[in-house]
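The primary structure of each chain is shown beneath.
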Amino acid sequence: MEMVVVAPPAPGRIEDLRRRFLATPLQALLSLVSLAIMVFLAWKLLNWAIFSAVFTTSGGPEACQAAAGACWSVIAARWRIILFGLYPFEEQWRSALACVTVVVMTVLSCIPAFWTGRRIALVWGAGTALYYVLMKGGVLGLAYVGEEAWGGLALTLFIFVTTCLIGFPLAICLALLRRSELPWISRTTGIVIDSVRSLPLISILFTFAIVLPFALPQWLAGDKLYRVILGSALFFSAYQAEIVRGGMQGVPSGQEEAAMALGMSYWQRIGRILLPQAMRNALPATINQFVISFKETSLVVIVGFFEILASGNAAYGTGEWRFAYVEVYAFIAFIYFVFVFSLSRYGAFLERRMSVGER
Amino acid sequence: MSSLLRNQKVRNTLLQVLFVGSIAALVLAGVAIARRNLAEQGITSGFDFLHKSTGWDVSFSLLPATANDPYWWFFLIGIINTLFLGSVGLMLATTVGTIVGLARTSSNELARLLGRTYVDIFRNIPLILQVFFWYALITHLPPPRSAHEAWGMLLTSRGLYIPFPNVGGVAMALALAALIAAVALPVWLGRTSHLSQPVGERLIIQLAGTAAALACAALILIVGRLPDAPLIDFPALQGLNLRGGLRIPPEFSALAIAIAIYGGSYIAEIVRGGFKSVGKGQVEAALSLGLSPWRVFTLVKLPLALRAMLPILANQYVWLIKATTMGIAVGFTDFFMIVALTINHSGQTLEAIGILMAGFLTINLSLAAVFNRINKAIALKGNQLRG
Amino acid sequence: MISANPGQSSNPAVRIENLDKYYGTFHALRHVNLSVERGERIVVCGPSGSGKSTMIRCINRLEQHNGGRITVLGTELNDDVGNIDEIRREVGMVFQHFNLFPHMTVLDNCMLAPMIVRKQPRAEAEATARRYLEKVRIPEQALKFPGQLSGGQQQRVAIARALCMQPQIMLFDEPTSALDPEMISEVLDVMVTLASEGMTMICVTHEMGFARRVADRVIFMDGGEIVEEAPPEEFFASSRNERTRQFLSQVLGH
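These remarks concern the structure in this document. (Residues numbered from 1 in each chain as written. Chains lettered and ligands numbered in written order. Predicted model: local features only at pLDDT ≥ 70, side-chain atom pairs only at ≥ 80, totals over all residues. Heavy atoms only, no water.)

## Overview of the overall build of chain C
Selection criterion: Labels follow the DSSP assignment, with helices taken as runs of H or I lasting at least four residues and strands as runs of E lasting at least two, numbered in each case from the N terminus. Each residue gets one of three labels from its accessible area relative to the maximum for its type: buried under 20%, exposed over 50%, partly exposed in between, using a 1.4 Å probe on protein chains only. In what follows, a contact means two residues having at least one pair of non-hydrogen atoms within 4.5 Å. Residue exposure ignores everything except the shown protein chains as possible cover, and the areas themselves are Shrake-Rupley values with a 1.4 Å probe. His is not counted, nor are the chain ends, whereas Lys and Arg count as positive and Asp and Glu as negative. Lysine's charge is taken at NZ, arginine's at CZ, aspartate's at CG and glutamate's at CD.
The number of helices and strands found in chain C is nine helices and ten strands. Within chain C, buried positions represent 59% of all 254 residues. For chain C, contacts bridging at least 24 residues in sequence account for 67% of all contacts bridging at least 6. Element-wise, carbon and sulfur atoms account for 47% of the exposed surface of chain C, whose accessible area totals about 10400 Å². If the 27 positive side-chain charges of chain C are averaged to one point and the 32 negative ones to another, these points end up 2 Å apart.

## Some thoughts on a nonpolar patch on the surface
Residue and element names in this part refer to chain A. Inclusion rule: Each patch is built from residues lacking any salt bridge and having more than 30% relative accessible area; the joining distance is 9 Å for like charges and 5 Å for nonpolar side chains (Val, Leu, Ile, Met, Phe, Trp, Tyr). Put simply, a salt bridge is a Lys or Arg side-chain nitrogen that is within 4 Å of an Asp or Glu carboxyl oxygen.
There is a patch of nonpolar side chains on the surface, built from Leu26, Leu29, Val33, Ile37, Phe40 and Leu41 and spanning about 580 Å² of accessible area. Assignment of secondary structure puts Leu29 in helix 2 (residues 25-51). Judged by relative accessible area, Leu29 falls into the exposed class, the value being 52%.

## Things to note about the sheet that holds strand 7 (residues 169-173) of chain C
Residue and element names in this part refer to chain C. To keep it simple, the criterion reads: Note on pairing: DSSP must find at least two bridges between two strands before they are called paired. Every axis in this analysis is a line fitted to C-alpha atoms, fitted for helices over the stretch in contact. Angles between the N-to-C directions lie between 0 and 180 degrees.
Read from one edge to the other, the open sheet built from six strands follows the order 6-7-8-3-9-10, with strand pairing classed as mixed. Looking along the sheet, the strands with just one partner apiece sit at the ends: strand 6 (91-94) and strand 10 (225-230). With strand direction ignored, the average angle separating the axes of adjacent strands in the sheet is 20°. With respect to the sheet, helix 2 (residues 81-90) is in contact with strand 6 and strand 7, its orientation differing from that of strand 6 by roughly 65°.

## Concerning the side chain of Glu327(A)
All names here are of chain A. Locating Glu327 in the fold gives a position in helix 14 (residues 325-357). No salt bridge is formed by the buried Glu327; the nearest opposite charge belongs to Arg78, separated by 12 Å. Among all residues touching Glu327, those that are not within four sequence positions of it are Trp48, Gly69, Ala70, Cys71, Trp72, Val74 and Ile75.

## Focus: the sheet that holds strand 2 (residues 153-156) of chain B
Residues and elements named next belong to chain B. Within the open sheet, the four strands sit side by side as 1-2-3-8. Their pairing is antiparallel. Bordering the open sheet on either side are strand 1 (148-150) and strand 8 (246-248), each of which pairs with just one other strand. Averaged over all neighbouring strand pairs, the angle between strand axes comes to 20°, with direction disregarded. Pairing of strand 2 with strand 3 (residues 159-162) involves three bridges; the strand directions are antiparallel. Considered in strand 3, the bridge of Thr156 is made with Gly159.

## What to know about the interface of chain B and chain C
Test applied: Note on terms: buried area is the combined drop in 1.4 Å-probe accessible area of two parts once they are placed together, counting the loss on both. The term polar contact refers here to a pair of N or O atoms within 3.5 Å; inside protein, the definition further demands a hydrogen-donor-capable atom paired with an acceptor-capable atom, and it admits residues adjacent in sequence only when both atoms are side-chain atoms. Asp, Glu, Lys and Arg are counted as charged, while Ala, Val, Leu, Ile, Met, Phe, Trp, Tyr, Cys and Pro are counted as nonpolar; the rest, among them Gly, fall into the polar class.
On the chain C side, the residues contacting the five residues of chain B number seven residues. Taken together, the two surfaces of chain B and chain C that pack against each other cover about 540 Å², and 42% of this comes from carbon and sulfur. Our enumeration of links across chain B and chain C arrives at two salt bridges. A salt bridge links Asp79(C) to Lys9(B); the nearest nitrogen and oxygen atoms lie 3.0 Å apart. The interface formed by chain B and chain C includes four residue pairs in polar contact (both at pLDDT 80 or more). Of the residues that constitute the side of chain B that touches chain C, the class distribution is no nonpolar, two polar and three charged.

## Considering the nonpolar core
Just so we agree on the cut-off: As used here, the term nonpolar core means buried Ala, Val, Leu, Ile, Met, Phe, Trp, Tyr and Cys residues forming a set that is joined through side-chain atoms within 4.5 Å.
Ile332(A), Phe75(B) and Leu129(B) are the most contacted members of the largest nonpolar core, which totals 118 residues. Here the element with the most residues in this core is helix 7 (residues 152-178) of chain A; it accounts for eleven residues. The residues contacting Ile332(A), other than those within four sequence positions of it, are Ile82(A), Ile308(A), Leu309(A), Gly312(A) and Leu129(B). In this structure, Cys110(C), Leu133(C), Met201(C) and Ala230(C) belong to the second largest nonpolar core, which totals 52 residues.

## Concerning the packing of aromatic side chains
Selection criterion: In this scheme Phe, Tyr and Trp rings, the latter by its six-membered ring, pair at centre separations within 6.5 Å, and the angle between planes marks the pair as stacked below 30 degrees, edge-to-face above 60, and tilted otherwise. In this scheme, the term charge over a ring applies when either NZ of a lysine or CZ of an arginine sits within 6 Å of the ring centre and within 35 degrees of the ring normal.
Under the defined criterion, the tally for this structure stands at 43 aromatic pairs over all chains. Aromatic pair Phe235(A) and Tyr239(A): ring centres 5.1 Å apart, planes at 55°, arrangement tilted. Here the residue Phe235(A) and the residue Tyr239(A) both occupy positions in helix 10 (residues 224-249), the gap between them amounting to four residues, near one helical turn. Among the aromatic side chains, those forming a connected cluster through ring pairs are Trp124(A), Phe160(A), Phe168(A), Phe236(A), Phe290(A), Phe294(A), Tyr336(A) and Phe339(A). Over the ring of Tyr239(A) we find Arg197(A), and its NZ or CZ is 4.9 Å from the ring centre. The ring of Phe101(C) carries Arg161(C) above its face, with NZ or CZ at 4.6 Å from the centroid.

## Concerning the pattern of salt bridges
All told, the structure shown has 26 salt bridges over all chains when counted by the stated rule. Salt-bridge contacts for Glu91(A) lead to Arg94(A); the nearest nitrogen and oxygen are separated by 2.9 Å. Neither Glu91(A) nor Arg94(A) differs from the other in exposure class; each is buried. Here Glu269(B) ties to Arg272(B) by a salt bridge, and the two come within 3.4 Å at their closest N and O atoms. Linking Glu269(B) with Arg272(B), this pair stays in helix 8 (residues 250-276), spanning three residues, or about one helical turn. Salt bridges sharing common partners tie together Arg179(A), Glu256(A) and Arg269(A).

## Observations concerning unusual backbone geometry
The general pattern is negative phi for most residues beyond glycine and trans for most peptide bonds. Residue and element names in this part refer to chain C. Located in the positive-phi region is Asn99, a residue other than glycine, with phi close to 55°. Mapped onto the elements of the fold, Asn99 is located in the loop between strand 6 and helix 3 (106-116). We classify Asn99 as buried; its relative accessible area is 10%. In this model, Lys119 sits at a positive phi of 60°, which is unusual for a non-glycine residue. Relative to the helices and strands, Lys119 resides in the loop between helix 3 and helix 4 (122-135). Of the residues examined, Lys119 reaches a relative accessible area of 62% and is grouped as exposed.

## With respect to the interface of chain B and chain A
Across the boundary between the two partners, chain B contributes 53 residues, which contact 55 residues of chain A. Here chain B and chain A share an interface that buries about 4600 Å² over both sides, 74% of which is from carbon and sulfur atoms. It is Gln16(B), Leu110(B) and Asn124(B) in chain B that bury the most area against chain A; as a group they hold 13% of the surface buried on that side. Where chain B touches chain A, the interface holds zero salt bridges. Seen at the junction of chain B and chain A, the total is 13 residue pairs in polar contact (both at pLDDT 80 or more). Of all the secondary structure elements, the ones that give two or more residues to the side of chain B that touches chain A are helix 2 (8-40), helix 4 (109-123), helix 5 (127-139), helix 8, helix 10 (293-323), helix 11 (327-330), helix 12 (335-346) and helix 13 (349-378) of chain B. When the residues that make up the side of chain B that touches chain A are grouped by side-chain class, the tally is 35 nonpolar, 13 polar and five charged.

Here is the structure:
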């Protein structure tokens, strides 16, 4: 008699739910507790944020304060200061455009078609230049706006972009120095990298902002903003150097030997054989580092920069909106969340795709 | 000459000398210029300033401190503050992280969802924003006269006041040691027992140890009571302010809570990673031996996951200790803030920065050394393991 | 089988005199003396750890020798970087694990070095590359990536890649040891063709059939020394040294 293979009957809906959530008493308890927590939090949150919230500015701050839920009118009233800081009102469209430039630049960097050294350098170079021209002006008929007036989200993005732009090549240099066969060079670099990594970022920013002018001749001291960016880039590069070095260690030594046997010079070997493969290995960790770096730009508030956190503090300030700190912080948190979450999700996606490719 | 430059060995030596030489030159030049600039402002170099009194106050200190104390005392207080906040933050973060991490690895989908939501939300918001938020929240609480009250504890905008035993400093320290022993004893006793001992017996020994330590602590407190004072000091309103009890300042609470929540989200991921790395084969072997799921967890999954987690956890702890420097944003006088205030008030910039770097390098190296020892002690022996 | 005249001439392709190499305190090569004429085919065999790979890796400076002299094509191999570059251009190497560049196509693998080291224009490099890929009998794989080829195909590409630099000497470091048995012959066939065209070859291998067919001299190394060196008939039929005979019985026995 022929054997006919039949699929087992699919479990009914109720059976399925029972199996997944109520299999044992412990499971049932866990499911119930989790469900209770989720429902409770969701209800409280939705109630506060949406159902009882005030969205319009008609009543002004007093009416808003009296409301039981969130007071989102503070955002409607103060969003300009949060996003652009003290940037002149008529020129704020330039600030907005500059932010869009950064977003476009980041998105382009994530597309594999752009993943050669030359193209990435082009994208980041052009993007940063465009950003700078838009923000600072003074050319092409745009009014001049000095760095002191830069603030809010635009300043956060600027610090992030320049930190990565300076920090990344520096990281590659440090990684190459660290793996040098010459003992003095590799050990000294190792000490530098490890020391920088041991220190808190805040102390490095503080040192560069306040202490460094003492140790530099007058003509080299420069603007506080650029000193702080340099400090931030140094910190970034110390961590990124270790990531790149890890990627390099994942490239089999035979690759460099084959390149040597073919007569390639040191820089030819590094540029065409070692780095492309190393960066491919290090890509997920690199994206993670970029995400961390973006979050850490918020620390410059401590050395007195009017980036988005400081402008948030100013937005609710001590005036009529001082009760609305939760809404302001939630708004800023949301902005960070959007950037950071999308970047880290992309990183996770890349990691999964790359591990699938490996045999 | 040119043939000399084409020599590999000559090139190598030259490169090394140039490299180290330029770095040394840069550092020396920087120090020289800084010294000259500072001297122009009438600030002398050297560490004598450490014995001068500061003339300013700290906002938080476990040890007595006044404006008349010397700088070196304040630096010590700063380090203790950093370590104290760090330890409290670490413990809270580990607790939170373990719970969320276990939720993330549980077989229950709802628990997993809850855990994932927690991690996704709190990992993606910068720590300093969270610190600001909690600080704003606490400082917007009602003032002392209209404080929230529960079980003798008072929650106000000036901080959390809790009833505290009225005992001398020495007794306090001893009682604290006894409390730590109460927690550490079961772990220690569990470590040296064997599987051959029945579970019930082991558990009784561990509980007995904890009970003994707790009894010791209580005894010390009772004996160490300050004369003419009740055993427990309850905070009460006197005039416009609260007096008595232990005040936990808003800065400390904000930092501790933020570090606990943010650090917890990272630790949750580390816990999850640790459990994921436990080989499926090991678990299957344990199950096929007839062990119950709970035993599989405690005897196989947990020990192996712990060994995988430890190096990454060590890294995270180092990061969390460094994160205490955010105290300066809310006015908590940790080690870094005291260095910053020192530079502001005394102008001894180079020396203070040197002390700062030395301090953090020491903390990091010690932490790394401790974790290395723990790692070595619990590491799986031999190197023949495959897969 | 062309047999060159082994013997000292005034201008050998490779001359190794009293070569010494230490790894820490381990004496890997002990006073090795070897002279290879142009057009000669040398096969080096021996147990693992005998120093055979180390010796040929010294020839293109992948390893640095500690004592003695190596002269390649008249140029002494020492610390002079100019000399090292010159020698590497003229000496090609094929590795046990192929070492193809995984992020480039087969064609790019072959074109890269001629373009950036010999500064050849792209069209010329591509023509050379296609010619050599034809020679190793896989011209149709030109645009594939190394990861998409079998082991035997990858090793043939590796040989083509080395040949594209048009070296005067080819070094082979156990070229078939990492291959599945059914792919060994396709690689050996290419090497035989190369030998028949007069290429100077120094080949470290366990493939004794290949040695018998192609070699002018077979060299047995053990413990860092050259124990015996002789033309293949003499080597296989009537080796003079006990160690050689022992090794041969192990290798040829199965």
